[in-house]
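Read off the chains here:
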Amino acid sequence: MSINSLSALSPENWPFDGRMLPQPVYLVGGSVRDALLKRKREYLDLDFIILDQAVSIARNIAKEYQAGFVVLDAERKIARVVFKGTTVDFAEIEGDSLEEDLWRRDFTINAIAYNPFTDELIDLFNALKDLQEGIIRMVKSGNLREDPLRLLRAYRQAAQLGFVISPETQTTIREFAPLLTQVAAERVQTELGYLLSHPQGMVWIEKAWKNGLLSDYFPAATENLEIGKKVEIVVEQLEKNWSNLGVELATGVRDTVKTSLSLLAIAKLAILVNPDAEKAEVELMRLKYSNAEIKSTIAVIKGLAKLSEREISQMSVRQQYFLFQEIGKNFPALAVVAVAKGISREEINCLIQRYINPDDPVAHPIALLNGNDLITTLKLPKSPIVGQLLTEIKIARAEEKIFTKGEAIKLAEKLIQSKEGIGNRE
């Protein structure tokens, strides 16, 4: 491992003039670790520790470069400046010295300090050896107790770096595991998000669950942990005949606040939570997932329940229609989870072929007319029955019983006269 790799952190690569920083100043954490590992990042993320006035220095830099500025922690005096393509955090040294600050960090590989002006590397814990050997080792157990989120972060970093967790660190994690529930749910959810989004994340989620970290959040996950590890394999298998699957699974679930979990992460989450939709919703709400994320996960769970009721080959067009209506854009996640849980690729292929065909009238219903057409032509009052008639028309079109607007009107007349078969999902 070459110290020369730290040249990536040279002041000439920063989006601001390094002369605006007081001396001494040190880079710490992930940027130093990743530079030493020669991990390339599209997005530069720098963490500085400064002896004094960290927040005011950050504010001055943000003002000078018209960059974004936010105080992350007023009590600990941590601020962030956001440039295009770069995030820079500034924090005051915790304690009376750099050494004391480093002793308070989570893992040895994150406790290496680097002075970019003098090329001095401070490694108090032989972390370079841990980096070379791929080991995540705690600095000291009290640091994990102080912020129990670090217990879960060990698994996240193991997944991201391809490292293992040292035996003594694992032992400490098991001992302190109950403390994780004291951490704000949003912080736990964030770490889970990293794991759910990583190809090896489910492997480490299983380890974390077995060590007592996640069993309180997902008490019913016992039998599904092995299934969760199959998801990435299933994606590879389905992609052979579904070329756009990876792109669709990478799509984020959107709500009015933010872009949240990808559909692939939703698939994995649906495996972890309780298979009962109501209980699953309680678990998801406890972890403060957004409404959009909860709705997507519950849609997958309900879709699985429907697929388990009967063989897919025995599903009528009407039943398939309602399945697609209820699952909507979450179908790729449902398909992946269904195969991971044991439904054969051959069996689910008929639904996949409908979904990937934009002209399929079952998965993507064709509107021969609208509600106003029915109201005007049949002199109907505005009521729920109009929507029910439109549904029946779409299903009849999917069943290839009608093809034109005129035939749709005649079907509506017939349904109104009989008052039967409207809204029936079977």
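The coordinates are above.
Residues numbered from 1 in each chain as written. Predicted model: local features only at pLDDT ≥ 70, side-chain atom pairs only at ≥ 80, totals over all residues. Heavy atoms only, no water.

**Topic: the overall build of the protein chain**
The line we're drawing: Helix and strand definitions here come from DSSP, where helices need a minimum of 4 consecutive H or I residues and strands a minimum of 2 consecutive E residues; each element is numbered from the N-terminal end. Every radius of gyration here is taken over C-alpha atoms, with the globule rule written as 2.2 Å times N^0.38, N being the number of residues. Contact definition: two residues touch when any of their heavy atoms are within 4.5 Å. The accessible surface values rely on the Shrake-Rupley method and a 1.4 Å probe; as for residues, cover is taken only from the protein chains in view. Counted as positive: Lys and Arg. Counted as negative: Asp and Glu. His and the chain ends are not counted at all. Here the site of a charge means atom NZ of a Lys, CZ of an Arg, CG of an Asp or CD of a Glu.
Counting its regular elements, the protein chain contains 21 helices and 11 strands. Relative to its length of 426 residues, the protein chain is extended, with a C-alpha radius of gyration of 27 Å against a globular reference of 22 Å. When its C-alpha atoms are laid out on the principal axes, the protein chain stretches across 85 × 50 × 40 Å. Taking the intrachain contacts of the protein chain between residues at least 6 apart in sequence as the baseline, contacts between residues at least 24 apart amount to 66%. In the structure as shown, the protein chain presents an accessible area of about 20,800 Å², 48% of it carried by carbon and sulfur atoms. Charged side chains in the protein chain number 53 positive and 58 negative. The centres of these two groups are separated by 5 Å.

**Examining helix α17 (residues 331-340)**
Test applied: Summary of the burial criterion: residues with accessible area below 20% of their type's maximum are buried, those above 50% are exposed, and those between are partly exposed, where the area comes from a 1.4 Å probe applied to protein chains only.
In terms of residue burial, α17 counts as a mostly covered element, since 10 of its 10 residues are buried. The set of residues buried in α17 consists of Phe331, Pro332, Ala333, Leu334, Ala335, Val336, Val337, Ala338, Val339 and Ala340. Of the residues flanking the end of α17, it is Gly342, one or two places downstream, whose phi is positive at about 120°.

**Focus: helix α11 (residues 231-239)**
Basically, it comes down to this: By arc we mean the arc of the directions from the helix axis to the C-beta atoms, nothing more.
Taken together, the buried positions of α11 are occupied by Val231, Val234, Val235 and Leu238. Seen end-on, α11 carries its buried residues on one side only, within an arc spanning 105°. Packing partners of the buried residues in α11 comprise α10 (225-228), α12 (245-249), α13 (263-272), α17 and α18 (345-356).

**What to know about the nonpolar core**
The condition that has to hold: What makes a nonpolar core is a set of buried Ala, Val, Leu, Ile, Met, Phe, Trp, Tyr and Cys residues whose side-chain atoms join them at distances within 4.5 Å.
Membership of the largest hydrophobic core comes to 122 residues, with the highest contact counts inside it found for Phe90 and Phe218. If sequence neighbours within four positions are ignored, Phe218 has contacts with Leu192, Trp209, Leu269, Leu272, Val273, Glu283 and Leu287. Formed by 15 residues, the second largest nonpolar core is a distinct cluster that contains Leu368, Leu374, Val386 and Leu411.

**Quick word on the packing of aromatic side chains**
Given two aromatic rings, their pairing is described by the distance between the two centres and the angle made by the two planes. Basically, it comes down to this: Stacked, tilted and edge-to-face are the three classes applied to pairs of Phe, Tyr and Trp rings, where Trp contributes its six-membered ring and a pair requires centres within 6.5 Å; stacked means planes under 30 degrees apart, edge-to-face means over 60, and tilted covers the rest. Remark: a charge is flagged as sitting over a ring if the NZ atom of Lys or the CZ atom of Arg is within 6 Å of the ring centre and within 35 degrees of the ring normal.
One pass over the full model with this rule turns up 15 aromatic pairs. Aromatic ring contacts, followed pair by pair, group Trp14, Phe16, Phe48, Tyr65, Phe83, Phe90 and Phe117 into a single cluster. The ring of Tyr194 carries the charged tip of Arg156 above its face, separated from the ring centre by 4.3 Å.

**Points about the packing of helix α20 (residues 384-398) against helix α21 (residues 405-418)**
What counts here: Helix axes are fitted only over the stretch in contact, all axes being lines through C-alpha atoms; the angle between N-to-C directions runs from 0 to 180 degrees. Just so you know how the angles are binned, under 35 degrees is roughly parallel, over 145 roughly antiparallel, 65 to 115 roughly perpendicular, and the rest oblique. Helix crossings fall into two classes, left-handed where the near helix is turned counterclockwise from the far one by less than a right angle and right-handed where it is turned clockwise.
Relative orientation of the contacting elements α20 and α21 amounts to 125°, with a least axis distance of 10 Å. Compared by their axis directions, α20 and α21 come out oblique. Helix-helix and strand crossings are classified by hand; for α20 and α21 the assignment is right-handed. Within the contact between the two elements, α20 uses Leu389, Glu392, Ile393 and Ala396 and α21 uses Ala408, Leu411, Ala412, Leu415 and Ile416.

**Observations concerning the side chain of Asp101**
By the secondary structure assignment, Asp101 is in helix α3 (residues 98-103). In this structure, Asp101 is in contact with Ile49, Glu92, Ile93 and Glu94, ignoring residues within four places of it in sequence.

**Here's the deal with the side chain of Ser31**
Tracing the backbone through its elements, the reader meets Ser31 in helix α1 (residues 30-36). Beyond its immediate stretch of four places on either side in the chain, Ser31 contacts Leu9, Asp45, Leu46 and Asp47.

**Let's talk about the packing of helix α6 (residues 149-161) against helix α8 (residues 185-197)**
Put simply, the rule is: Only Asp, Glu, Lys and Arg are considered charged in this grouping, and only Ala, Val, Leu, Ile, Met, Phe, Trp, Tyr, Cys and Pro are considered nonpolar; every other residue, Gly among them, is considered polar.
The N-to-C vectors of α6 and α8 enclose an angle of 15°; their axes lie 9 Å apart at closest approach. Taken together, α6 and α8 sit at an angle that is classed as roughly parallel. As for how α6 packs across α8, the hand of that crossing is left-handed. Contacts between α6 and α8 involve Leu149, Leu152, Arg153, Tyr155, Arg156, Ala159 and Gln160 on the former and, on the latter, Arg187, Val188, Glu191, Leu192, Tyr194 and Leu195. Among the residues forming the contact of α6 with α8, the class breakdown is eight nonpolar, one polar and four charged.

**Structural notes on the pairing of strand β4 (residues 78-83)**
The side chains of a regular strand alternate, first on one face of the sheet and then on the other. Note the following rule: Between any two strands, at least two bridges found by DSSP are needed for them to pair.
Strand direction decides the pairing type here: strand β3 (residues 68-73) and β4, joined by five bridges, are antiparallel. Residue pairing across strands places Phe69 opposite Val81, the latter belonging to β4. Counting the residues between successive antiparallel strands, the hairpin from β3 to β4 contains four residues, one of them, Lys77, with a positive phi of roughly 60°. Across six bridges, β4 lies against strand β5 (residues 86-92) in antiparallel orientation. Looking across to β5, one finds that Val82 is bridged to Thr87. The hairpin formed by β4 and β5 contains two residues between the paired strands, and Gly85 there has a positive phi angle of roughly 85°.

**Examining the pairing of strand β2 (residues 44-50)**
Across three bridges, strand β1 (residues 25-27) lies against β2 in antiparallel orientation. Counterpart to Leu27 in the pairing with β2 is Phe48. Here β2 pairs with β5 via seven bridges, running parallel. Looking at β5, one finds that Asp47 is bridged to Asp89.

**Concerning the environment of Ile294**
Its location among the elements puts Ile294 in helix α15 (residues 291-309). In the structure, Ile294 is positioned 10 residues away from Leu284 in sequence and 6.4 Å away in space, judged by C-alpha atoms. Beyond its immediate stretch of four places on either side in the chain, Ile294 contacts Glu281, Leu284, Met285 and Tyr289.

**Digging into unusual backbone geometry**
Excluding glycine, residues mostly carry a negative phi; peptide bonds, for their part, are mostly trans. Across the junction of Gln23 and Pro24, the peptide omega takes the value -5°, indicating a cis bond. Looking at where Pro24 falls in the secondary structure, it is placed in the segment before β1. Although it is not a glycine, Lys77 adopts a positive phi angle of roughly 60°. By the secondary structure assignment, Lys77 is in the loop between β3 and β4.

**Some points on the pattern of salt bridges**
Rules: By convention in these notes, a salt bridge is any Lys or Arg side-chain nitrogen within 4 Å of a carboxyl oxygen on Asp or Glu.
A complete count under the given rule lists 27 salt bridges for this structure. The salt bridge partner of Asp147 is Arg187, with a shortest N-O separation of 2.9 Å. Taken as a pair, Asp147 in the loop between α5 (141-146) and α6 and Arg187 in helix α8 lie far apart in primary sequence, 40 residues in all. For Asp147, a relative accessible area of 19% gives the class buried. On the basis of relative accessible area, Arg187 is assigned to the partly exposed category, the value being 34%. Salt bridges linked by common partners bring Asp73, Arg76, Glu94, Glu100 and Arg104 together as one network.

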